[in-house]
Amino acid sequence: MKKWMMLFGGLMMAMISPDTVMAAEAATEAASGTAAVGLGWFCIPFAGLLLCVALFPLINPELWEKYQPAVVALWSVLFIIPFAMFFGAGEAAETVLECLVNDYLAFIVLLFGLFCVAGNITLEGDLAGSPRINILLLTIGTLLSSWIGTTGASMLMVRPVIKMNSWRKRKAHIMVFFIFLISNIGGCLTPIGDPPLLMGFSRGVPFFWSLIQLPVMLFNMVVLLFLFYWIDRKNYRKDIAEGRKPDISKPGTEIKLEGLHNLIFVAMIVAAVILSGTLPSLPMFQDATGAVLGLPIYKEVHLPYPTIIEIVIILTAAFLSFKTTNAEIRRKNHFTWGAIREVAILFVGIFITMQPALMLLKSMGGSLHITEPYQMFWVTGGLSSFLDNTPTYLVFLTTAGAMELGSGIVTALGTVPVKLLMAISSGAVFMGANTYIGNAPNMMVKAISDENGIRMPSFFGYLAWSLRILIPVFLLDTVLFFL
Amino acid sequence: MNHNEEMMRELAERIYDLDAEVYIQLGSSLGRVFDRDRERCVTEMMRLMLERDQSHVLRSQLALISNMARTISDRESRKMIMSEYNNILHDVIELPTSFGTGEILDQSRAELLEPNLKKHLKERFSNQDHLVICIGRTYGCGGSEIGFTLADSLKINYYDVEIFSEVIKRLEAEQDVIEDKAAFPSPYKKITGKDGTEEYVYQQRAFVPEQKNGIRTAFRNFNRYHGLSKRDAVYFNQSDLICDMSKNEDFVIMGRCADLILTNNHIPHISIFITAPVERRIRRIMEINKGMSEKEARRLVKKMDHKHRKYYGFYTGSKWGMPCNYDLCINSSSYGIEGSVELIRRMMEQE
């Protein structure tokens, strides 16, 4: 554990050390030809924010909770002001608004909608959380992820999993594997599953093409569930040995789902997500140059009409869900705004401060000379662990499309060989599980678990889990599928 | 109980009450931090306060309560609860790092004892407690006979497979489809005669082999056993039953991890492990089962002991037959059945 922490600490230091930054700058200049664009230095607020997310809850959780918005605002300002001084206030405003309007808004509204609707569905019953029940729940959730999205499946499954395991003391590992499988890996089969795939779909990748990743997903699922079973069994035995036992005094199990009509609203949200991927390609939403039409906000920043439609549908679904569901269900579900509030605050800072890193990536993507599937898998995945996986996916899809590597999947960005596209997609989707900030549902699951008596691992603790469990699995993926 | 212990108990009770209040205020059904009975949780917290390297666990549990408390929607209630939380936290921080003095006494076991117990086993039990004797034994050592004779001489009930039959009733399952994993083929079974009197009769087998089931049965069992395996469902029900019984009657119980179940539930009992050298056990099995070869008997002893070691290890996390897990270990080959019973009785009744 200590060794892994030291390794990660070293990586973080390397990330923010001047040498690394200078190297990045040199590469940026060489690639883009722009003079003395010190984009690398502007990544420091992003690294700073990540360190705060990682360290503050360990040092003083109460203070962190109280001053989270202030810390996020501070690092955002520390990025915006120097950026404005260097590139001009207009450019800075445009960059910030662009990420807030085009990326963050749709992202947080989708999370909010699914959080609200799933919070109105409750599972009543006395199924006892045991290794086999947990395997069953994780399997259902993983298979569901590709069809209602990783966020949808996570929000829908998180409370039943917490509830069934409420009798147990050792349950953090269950939520860690929940994040691995349901919040990330399960979403690789369709564009509904994870936003990067939706982006690919809107760029011409066929809707059902992602099903090609079924063997990779199944392999990962089987390996992870196998590991989970043994870890859970060990912890289950320890719980029993301490005299803990589930309440199974009544013969027979009664399972009752309340608020089931909310599944209609989940379907509404899923439809909204699909529309956001399909509408931009329709001529009625495009101008003469093929750009997507939208509501002008500032200079070149537009809120696209398809995004507005998506937001309206999602918010309507959330509103109807609240109006039509008994408040008692939310009470039983311990529904609070804490989790969504925490995610909304943290991710607004992450979205703003990661802009220079994404700019660097965009300018350097083509010059990285990544041509092999295994390289694409690890580079896309490694960056998706810390950055937003949607733009990361797009950068490497663009890079692969521009390389003209022969036959493959025809997209709007060029023809991409199947294996290469698989590597980009898998890397972007799977490796979001590497850190809490790799994918939004990760943070949501953590926040909901924290609120319900589960001591979740810290940022570094979680990273240790992914280094010990996920990285070896991804290495196996590389050998079996991407070499 | 000294001043420090009183203080710790009061603090532990305040923590338990705080958790209960948070849970009531939230109305959540997703579980709470201290989800077991009050006495057990309070005792557990006191143990954490006492142990040198465990105080962080208590603080971690407090932090979990505060995480939940912060989500209470009613501002007044939240303020009141958080204020109590802060007071408790202050008191916890003020606790000395450890009250430990290097004592070898295991608190979890010692709390079952009256002060003079170390001399007199029977005095472990207060007037409100029932005499419960848990006997673990290796296969073929005569443990069942010793247990049965002991129960008979003390005029108390003897339980072995009867526990399992009662659990089956609770689970509304059919006995012939579940194997009693905790049992040896016990030679005795309690039956009720026509006149209503109960007596023990000799029998060869106490359980039947598990049958293979189809998908429909698997679904039915999934529902019946709350998604647990049959073995776990039986164990959990058995635990409840043993605890319930210990509140109502005196008895001798054979195996079934009863010693650990009762220890975990802070119920006074006497735990005994009976064994004998393997060669002597093999000879005895051959004597009882006429026609059984030495090879078969040896295999049976090995198989049965292995099965029980596995079962005990799985549910208790402890080593089966390890002397430090019991109050008394007896080599039955040194005393014989009557002698072993006499030894146990003498230990219990010694003035």
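1. Focus on the interface of chain A and chain B
1) Next: Each partner contributes to the interface: chain A provides 41 residues, whereas chain B provides 45 residues.
2) Next: Carbon and sulfur atoms supply 51% of the area that chain A and chain B bury against each other, a total of about 3900 Å² over both sides.
3) Next: The largest contributions to the chain A side of the interface with chain B come from Lys 245, Ile 248 and Arg 455 of chain A, which together make up 16% of the buried area.
4) Next: Summed over the shared surface of chain A and chain B, the result is three salt bridges.
5) Next: Ionic pairing is found between Arg 70 of chain B and Glu 65 of chain A, a salt bridge with its closest N-O pair at 3.5 Å.
6) Next: Summed over the shared surface of chain A and chain B, the result is 16 residue pairs in polar contact (both at pLDDT 80 or more).
7) Next: Taken together, the elements giving at least two residues each to the side of chain A that touches chain B come down to α4 (61-87), α6 (131-164), α9 (214-241), α12 (327-332) and α18 (440-451) of chain A.

2. Some points on the packing of helix α5 (residues 89-118) of chain A against α18 of chain A
All names here are of chain A.
1) Next: One way to put it is that α5 packs onto α18 with a least axis distance of 11 Å and a crossing angle of 40°. The angle between the axes of α5 and α18 places the two elements in the oblique class. Both α5 and α18 take part in a crossing whose hand is right-handed. Note on element contacts: α18 touches α5 through Ala 440, Met 444 and Ile 448, opposite Phe 107, Leu 111 and Phe 115.
2) Next: Across the contact of α5 with α18, the residue classes break down as six nonpolar, no polar and no charged.

3. Considerations on the sheet that holds strand β7 (residues 328-331) of chain B
Note on sheets: strands pair through backbone hydrogen bonds, and any given pair is parallel or antiparallel.
All names here are of chain B.
1) Next: Taken in spatial order, the five strands make up an open sheet running β2-β5-β1-β6-β7, and their pairing is parallel. Across the chains shown, the open sheet's two edge strands, defined by having one partner strand only, are β2 (157-159) and β7. Ignoring which end each strand starts from, the neighbouring axes of this sheet average 20° apart.
2) Next: The sheet contact formed by strand β1 (residues 132-137) and strand β5 (residues 251-254) spans four bridges and is parallel. Within β5, the residue paired with Cys 134 across the bridge is Ile 253.

4. Focus on the confidence of the model for chain A
Residues and elements named next belong to chain A.
1) Next: The predicted model of chain A has a mean per-residue pLDDT of 85, with 92% of residues at 70 or higher.
2) Next: Predicted confidence in chain A is weakest over helix α1 (residues 2-16), with a mean pLDDT of 39, and strongest over helix α7 (residues 172-181), with 96.
3) Next: Across residues 1-36 the pLDDT falls below 50, and counting only partners more than four positions away or on other chains, this stretch makes 42 contacts in the model.

5. A closer look at the side chain of Asn 134 of chain A
1) Next: Looking at where Asn 134 of chain A falls in the secondary structure, it is placed in helix α6.
2) Next: Excluding its chain neighbours within four sequence positions, the residues that come into contact with Asn 134 of chain A are Gly 129, Asn 165, Arg 168, Ile 174, Phe 228 and Asp 232 of chain A.

6. Here's the deal with the nonpolar core
1) Next: By size, the foremost hydrophobic cluster in this structure holds 136 residues, and its most contacted members are Met 175, Phe 178, Phe 180, Leu 224 and Phe 347 of chain A.
2) Next: Sort the elements by how many residues they give to this core and α5 of chain A lands first, with 13 residues.
3) Next: Grouped together as the second largest cluster of nonpolar side chains are 37 residues, Cys 134, Tyr 159, Cys 243 and Ile 261 of chain B included.

About the thresholds
- Residues numbered from 1 in each chain as written.
- Chains lettered and ligands numbered in written order.
- Predicted model: local features only at pLDDT ≥ 70, side-chain atom pairs only at ≥ 80, totals over all residues.
- Heavy atoms only, no water.
- Contact = heavy atoms within 4.5 Å.
- Buried area = accessible area lost by both parts, 1.4 Å probe.
- Salt bridge = Lys/Arg side-chain N within 4 Å of Asp/Glu carboxyl O.
- Polar contact = N/O pair within 3.5 Å; in protein donor to acceptor, adjacent residues only side chain to side chain.
- Helix = DSSP H or I, 4+ residues; strand = E, 2+ residues; numbered from the N terminus.
- Axes fitted to C-alpha atoms, helices over the stretch in contact; angles between N-to-C directions.
- Parallel < 35°, antiparallel > 145°, perpendicular 65-115°, else oblique.
- Left-handed = near helix turned anticlockwise from the far one by under 90°.
- Nonpolar A, V, L, I, M, F, W, Y, C, P; charged D, E, K, R; others polar.
- Pairing = 2+ DSSP bridges.
- pLDDT = per-residue confidence, 0-100.
- Core = buried A, V, L, I, M, F, W, Y, C linked by side-chain atoms within 4.5 Å.
- Buried < 20%, exposed > 50% of the residue type's maximum accessible area, 1.4 Å probe, protein only.

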